[in-house]
Amino acid sequence: MQENTQSGANRRDFLKKSALFGLGLVAAGNLVLPATARAAGMAANSESHDLGILNFALNAEHQAIAAYQVGADSKLLKPGPLKLALEFQKDHEAHADILAETIKKMGGTPVAAKLPLTASMGDLAKAWDLPVGKLKNQSDVLHFAAGLEIGAAKAYLGAVKQFSNPELAHAAANIEGDEAMHFATLRYALGMNPVPAAFISAMPNG
């Protein structure tokens, strides 16, 4: 447990010391210009546009954190996969922390999580529209998590060209690798080929 805690602290320290800390992160989800940004008349390749994507990303990170909590609370995971899921949840928490701080540094207001993680599994699933009723066994949970991770990796790939600040594009590529490794590790835990395609864009969605 102490080793896991130290590992999480080291990861956070690394991220905070990188350019990512001062200049931002990227979204998980569909990273074309978000509808909220379009509705507000935000021009692409502007700081306002960047802030819209960053907040969209933060909301997606909140959802990923909640999804891993639901998976852990489901009692469907054996000790090994449960430990893995909680480690990946810590990664998403680190992403969310940096996103929120970056948004503040840029003069924006970070979007808040819909519910605290102490909420019941049912309430978390309902708030974030998670398919908890379809999670019947460990394999279901891991497949669902893998789908979230490859979706995030593809989103980071698509975000590279979306930012006006080139450091944000670098951050997108940086975090894309983390999500891709999550995806590969989850597939390995499922007994599947961890890297089933030569390109992120060609990876199956789960």
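A few points on the structure.

Cut-offs used in this document
Residues numbered from 1 in each chain as written. Predicted model: local features only at pLDDT ≥ 70, side-chain atom pairs only at ≥ 80, totals over all residues. Heavy atoms only, no water. 1 Å grid on protein atoms, 1.4 Å probe; cavity = no way out; pocket = protein on both sides within 12 Å on 5 of 7 lines; lining within 4 Å. Points joined across faces, edges and corners; volume = space filled by probe spheres on them. Helix = DSSP H or I, 4+ residues; strand = E, 2+ residues; numbered from the N terminus. Nonpolar A, V, L, I, M, F, W, Y, C, P; charged D, E, K, R; others polar. Core = buried A, V, L, I, M, F, W, Y, C linked by side-chain atoms within 4.5 Å. Buried < 20%, exposed > 50% of the residue type's maximum accessible area, 1.4 Å probe, protein only. Contact = heavy atoms within 4.5 Å.

1. Here we look at empty space enclosed by the protein
Alright, step 1. Under the defined criterion, the tally for this structure stands at 1 cavity of 30 Å³ or more.
Alright, step 2. Estimated volume of the largest cavity: approximately 90 Å³.
Alright, step 3. Taken together, A67, Y68, G71, A72, L77, A85, L135, V141, L142, F144, A145 and L148 make up the full set of residues lining the largest cavity.
Alright, step 4. Listed by contribution, the elements that provide at least two residues to the lining of the largest cavity are α4 (47-73) and α7 (138-159).
Alright, step 5. Counting residues per element, the lining of the largest cavity draws most heavily on α7, at 5 residues.
Alright, step 6. Residue composition of the lining of the largest cavity, by class: 11 nonpolar, 1 polar and no charged.

2. What about the nonpolar core?
Alright, step 1. One finds Y68, L77, I150, A153, F183 and L186 to be the most contacted residues of the largest nonpolar core, which totals 16 residues.
Alright, step 2. Among the secondary structure elements, those contributing two or more residues to this core are α5 (79-105), α7 and α8 (166-189).
Alright, step 3. Ranked by the residues each element gives to this core, the list is headed by α7, at 6 residues.
Alright, step 4. Sequence-distant contacts of I150, that is, excluding residues within four places in its chain, are made with F183, M203, P204, N205 and G206.
Alright, step 5. Core analysis: the next-biggest nonpolar cluster, separate from the first, contains 14 residues, L58, A96, A159 and F163 among them.

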